[in-house]
Amino acid sequence: MSSFYSRLAGVLAVLTGLTAHAADKVTYDEHVLPVFRNSCLKCHNPNEKKGDLDISTFSGVLAGGGSGAAVASGDPDASKLVKAITHAEEPFMPPNSPRMADKEIDIIKKWIAGGLLESSGSKAIASNKPKVDLAAANTSTGKPDGPPPMPQDLLLDPVVHTERTSASTGMASSPWAPIVALGAPKQILLYNTDNLELAGVLPFPEGYPSDIKFSRNGKLVLCGGGYGAKAGLVVVWDVTTGERMLTVGDEFDSVLAADISSDQKWIALGGPARMVNIYSTSTAELEHAKKKHTDWVTAMEFSPDSKYLATGDRNGGVVVWESASGQEVYTLNGHRAGITAITWRGSELVASGSEDGTIKLWSMRDGNQARTWNAHGGGVLSARFTHDGRLVSCGRDNQISVWDANANRQRSVNFTNQLPVRATFSHDGNRVIASDYSGRVAVWNTADGKPLGNLSLNPLPLAERIELAVKEIDDALTDVDKAAAGVAAAEAELQRAESLQSDVKKTDAAREKVRMAKVELDKANANVVKARAELAELKTAQFNVTVFQARDELAKKQREHEKLLASVKDNEDAVAKATNALAKAKKRTNGISDQLDGWNNVLKQDKRNADQATAEFKKAQQSLTKLEAKLNRAKAELAKAEADAAKTPDNQRIAEAVTKQKKGLEPLQAEFDAAQKLAAGKQAEADRLTKELEKTRGELASTQKEAEQNAKQIKTLTAEIKQAETDARTAKSNAERLAREIEHAKAQAEQLAAEYKELKTASAETRKEARL
């Protein structure tokens, strides 16, 4: 028996070896969690959560802590966790201890690089790292080298046109170019502040723009907004091309305030959640989530040197944060009502406007007030500095005011009967742009306060503007005909006066009439040329919509193509993974088969042993029964003899017979006791072997169940391989088809771009002719 079980143990060891394999992927469950248990969980568990970080679970690691995301999928070097454990960045982890062993650090790095797998069956988490680096090189003044960034060939057709306009809280001027950005439903409108013409439209399908900012170099425009009580985010565009560069934030309410630092490393946002969230533009990941404000965050702006971020809330609170670390620097107390504006004058002074009617200037040297003044009775609604230190503000007194660097009011203008909402300077400070609650946007000359014109928050679609331009041409041609008829009539009148030799006075009057008629004719002809030039520009802009649509369609096809190629790779990986698992399962099947044979052999041997032990027990029991009967008869005879001896105590013969019977009974009793002990031993052996038999049957049943599960797994894996191969072929076929469509779309887009270029040149010539 012992030699058999030794051989069985050897078989099981071999089978166990067949199932063991080295992990080819680093996962949280198998590799990372043991490292955390060894070094980190004492401080970062559900009960402790230092830094608001719990890494005792996979979801806890992904959630991050008070400083934002702890890990960035696919990018170990950008992960805060790696920076902390390698002592590359404070806070060092573990605290007050040597850094972790290189072997443990490598495990965590490989896990992050591999896509943050939870288990061996998990799918890698896609990296959110942006494809472009927005970091700006020159941040000392923010002024870019060369010409200031201006919109080039942007869309001029509005995304939506509504029956009426409404208030817009999104307004910002480029710091270096004559461009102002206005927020309207589902779009940002860019206007040229020199000629007050629409320069471009940036689609914002995510909702309503609440806050707009230009980057300090003027190359980017940022919008925070969304839908109230539903969703919020921040989008960044390239001003020149209109390309959408970056999207950050995933709020459950609209973003009310946002800004981008001058070095373009950070984007901050805030809103009804009362949180100040700071994102990295290099990873699009949340770096800091700060909870300090007691009410909605309504205003924020980075300092020009990117060192600080100032934020204000609806309760009158103003906080200054360190941009890089997210640490609180100052709490600026003093306002008695909600903050409506935050604007910096250099990097040493920041101004805050409030519904309490005051504008306060704060020094960053000590966090104290440098100046405060009552700007608008009833409340300040907007405030903005320009380069030379002047400030423009508006408030509930319906005034738009310009203040010099010493907070002296230089000029005020009344707007409309509606409250003003926002006011800002143009890039050079020579013009003021302001909007009111009715949706009107007006422009004034800063020097004398004279109105220069209006900007529309609800421009007409190009098709309607073209119709109006055509009608304008028709009206202008009618004016030309009338003017030509007037010239003909005046010349006829002059001819009559000259032929009749009228007095000089009448003749001169007729000549003046001819001259004036010709002036009107020239003016009418000029109006026709101008109207045709405007129509040519509108048609060019309309054609540009077609160009944009072609480019957009091409971009969509390219994105879809990338997804299909990724799908092909995923399916090929799935085939490889399933094939590998299938090979292991088949190998395991062979092992299980051998194991089943082994257990069947053990079962047979155990059954034979149990049957033999049972037979031996029965035989011993039968022998014991016979001995017991014999012993009982002997005891009965002895009792009878003793009874006879008691009757005749003096009978020597009977006494001797009793003694002899007693002596004969002793070995018989000993034999019976031995037989009884033997039977008990045989019974115990039989019981033990029966239990072993039942155990073996259980092991056999378990192995059979494993075999059935393995067979199901093989069937499932085979189906998965077949499906993945089919999906891969389909995706590959679709990718090839789409690649052909992309080539066609590229050619079409290039052709349209060339046609647009020719049309634009022709339009420019027409405009030049109109100017001449």
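## Looking at the overall build of the protein
A tally of helices and strands in the protein yields 8 helices and 28 strands. Since a compact globule built from 772 residues should have a radius of gyration of about 28 Å, the 47 Å found for the protein marks it as more spread out than a globular shape. Considering only C-alpha atoms, the protein reaches an extent of 205 × 65 × 45 Å along its principal axes. Taken over 772 residues, the protein has a buried fraction of 44%. Accessible surface, the protein as shown: approximately 40300 Å² in total, 51% of it carbon and sulfur. Of the charged side chains in the protein, 104 are positive and 104 negative, and the gap between their average positions amounts to 5 Å.

## Here's the deal with the packing of aromatic side chains
Scanning the model with the defined rule gives 7 aromatic pairs in all. With 6.5 Å between their ring centres and 5 degrees between their planes, tyrosine 308 and tryptophan 344 make a pair best called stacked. Separated by 36 residues along the polypeptide, tyrosine 308 in strand β14 (residues 308-313) and tryptophan 344 in strand β17 (residues 339-345) bring together distant segments of the chain. Its relative accessible area of 4% is what places tryptophan 344 among the buried residues. A cation sits over an aromatic face here: lysine 230 above tyrosine 227, 5.7 Å from the ring centre. Sitting over the face of the ring of tryptophan 296, arginine 314 holds its NZ or CZ atom 4.0 Å from the ring centroid.

## Notes on the packing of helix α2 (residues 28-39) against helix α5 (residues 102-113)
One way to put it is that α2 packs onto α5 with a least axis distance of 10 Å and a crossing angle of 140 degrees. Here α5 runs oblique to α2, going by the angle between their axes. Viewed along their axes, α2 and α5 form a crossing whose handedness is left-handed. For the pair formed by α2 and α5, the contact residues are Tyr28, His31, Val32, Val35, Phe36, Asn38 and Ser39 on the first element and Glu104, Ile107, Ile108 and Trp111 on the second. Split by residue class, the contact of α2 with α5 holds 7 nonpolar, 3 polar and 1 charged.

## Side note on the environment of serine 401
Of note, serine 401 is situated in strand β23 (residues 399-403). The spatial distance from the C-alpha of serine 401 to the C-alpha of alanine 613 is 111 Å, given a sequence separation of 212 residues. Not counting residues up to four positions away in its chain, the partners in contact with serine 401 are His376, Leu391, Val392, Ser393, Arg409, Arg411 and Ser412. Of note is the side chain of serine 401, whose polar atom sits 2.5 Å from the side chain of arginine 409.

## Focus on the side chain of aspartate 263
Inspection of the secondary structure puts aspartate 263 in the loop between β9 (257-260) and β10 (266-270). Buried charge without a partner: aspartate 263 forms no salt bridge, and the closest opposite charge is lysine 265, 4.7 Å away. A polar atom in the side chain of aspartate 263 sits 3.0 Å from the backbone nitrogen of lysine 265.

## With respect to the sheet that holds β14
Taken in spatial order, the 4 strands make up an open sheet running β13-β14-β15-β16, and their pairing is antiparallel. Of all strands in the sheet, those bounded by a partner on one side alone are β13 (297-302) and β16 (328-332). Here the strands of the sheet are splayed against their neighbours by 20 degrees on average, with no regard to which way each runs. Pairing of β14 with strand β15 (residues 318-322), which is carried by 5 bridges, proceeds in the antiparallel orientation. Looking across to β15, one finds that glycine 312 is bridged to valine 318.

## Observations concerning the side chain of asparagine 277
Here asparagine 277 lies in strand β11 (residues 275-280). A distance of 3.3 Å separates a polar atom in the side chain of asparagine 277 from a polar atom in the side chain of glutamate 251.

## What to know about the nonpolar core
In this structure, Leu182, Tyr191, Val441 and Leu455 are the most contacted members of the largest nonpolar core, which totals 25 residues. When residues of this core are traced back to their parent elements, those giving at least two are β2 (179-184), β3 (187-192), β4 (198-203), β27 (441-445), α6 (462-499) and α7 (504-647). Sorting elements by how many residues they give to this core places α7 first, with 6 residues. With near-sequence residues (within four places) excluded, leucine 182 lies in contact with Gly170, Met171, Gln187, Ile188, Leu189, Tyr191, Ile212, Val441, Leu455 and Leu457. Counting residues in each nonpolar core, the second largest holds 22 residues, with Tyr28, Leu41, Ile55 and Ile105 among its members.

## Side note on the pattern of salt bridges
Applying the stated criterion across every chain yields a total of 31 salt bridges. Between glutamate 491 and lysine 518 there is a salt bridge, with the nearest N and O atoms lying 3.7 Å from each other. With glutamate 491 in helix α6 and lysine 518 in helix α7, this residue pair connects regions lying 27 residues apart in the sequence. On the accessibility criterion, glutamate 491 (37% relative accessible area) is partly exposed. Judged by relative accessible area, lysine 518 falls into the partly exposed class, the value being 39%.

## Regarding the confidence of the model for the protein
Any residue range with low pLDDT should be treated as having predicted coordinates unsuitable for detailed reading. For the protein, mean pLDDT is 87; residues scoring 70 or higher make up 94% of the total. Confidence drops under a pLDDT of 50 for residues 1-23, and excluding neighbours within four residues, the segment shows 22 contacts in the predicted structure.

## Examining the pairing of β17
Across the 7 residues of β17, 6 count as buried, placing the element largely inside the fold. Judged from the 6 bridges that link them, β17 and strand β18 (residues 349-354) form a sheet pairing that is antiparallel. Each bridged residue has a counterpart across the sheet, and for isoleucine 339 the counterpart in β18 is serine 354. Hairpin connection between β17 and β18: a loop of 3 residues separates the two successive antiparallel strands, and glycine 346 in this loop has a positive phi of roughly 70 degrees.

## Quick look at the sheet that holds β2
With antiparallel pairing, the 4 strands of this open sheet are ordered in space as β1-β2-β3-β4. With partners counted over all chains shown, the strands left at the sheet margins are β1 (171-173) and β4, one partner each. Averaged over all neighbouring strand pairs, the angle between strand axes comes to 20 degrees, with direction disregarded. As judged from the 6 bridges shared by β2 and β3, these two strands associate in the antiparallel manner. In the strand pairing of β3, alanine 181 is matched with leucine 190.

## Regarding α5
Taking 1.5 Å per residue as the helical rise, α5 with its 12 residues ought to reach 16 Å, and the 16 Å between its terminal C-alpha atoms agrees with that figure. Residues of α5 that are buried: Glu104, Ile105, Ile108, Trp111 and Ile112. Seen along its axis, α5 keeps its buried residues to an arc of 125 degrees; they face one direction. More than 90 degrees from the buried face of α5, the exposed residues found are Lys103 and Lys110. Buried residues belonging to α5 abut α2, α3 (58-63) and α4 (80-85). One or two residues past the end of α5 sits glycine 115, with phi positive at roughly 100 degrees.

Cut-offs and rules
- Residues numbered from 1 in each chain as written.
- Predicted model: local features only at pLDDT ≥ 70, side-chain atom pairs only at ≥ 80, totals over all residues.
- Heavy atoms only, no water.
- Helix = DSSP H or I, 4+ residues; strand = E, 2+ residues; numbered from the N terminus.
- Rg over C-alpha atoms; globule rule 2.2 N^0.38 Å.
- Buried < 20%, exposed > 50% of the residue type's maximum accessible area, 1.4 Å probe, protein only.
- Areas by Shrake-Rupley, 256 points an atom, 1.4 Å probe, with all protein chains shown as cover.
- Lys, Arg positive; Asp, Glu negative; His and termini not counted.
- Charge placed at Lys NZ, Arg CZ, Asp CG, Glu CD.
- Phe/Tyr/Trp six-rings, centres within 6.5 Å; stacked < 30°, edge-to-face > 60°.
- Lys NZ or Arg CZ within 6 Å of the ring centre and 35° of its normal.
- Axes fitted to C-alpha atoms, helices over the stretch in contact; angles between N-to-C directions.
- Parallel < 35°, antiparallel > 145°, perpendicular 65-115°, else oblique.
- Left-handed = near helix turned anticlockwise from the far one by under 90°.
- Contact = heavy atoms within 4.5 Å.
- Nonpolar A, V, L, I, M, F, W, Y, C, P; charged D, E, K, R; others polar.
- Polar contact = N/O pair within 3.5 Å; in protein donor to acceptor, adjacent residues only side chain to side chain.
- Salt bridge = Lys/Arg side-chain N within 4 Å of Asp/Glu carboxyl O.
- Pairing = 2+ DSSP bridges.
- Core = buried A, V, L, I, M, F, W, Y, C linked by side-chain atoms within 4.5 Å.
- pLDDT = per-residue confidence, 0-100.
- Expected span 1.5 Å × (residues − 1).
- Arc of directions from axis to C-beta.

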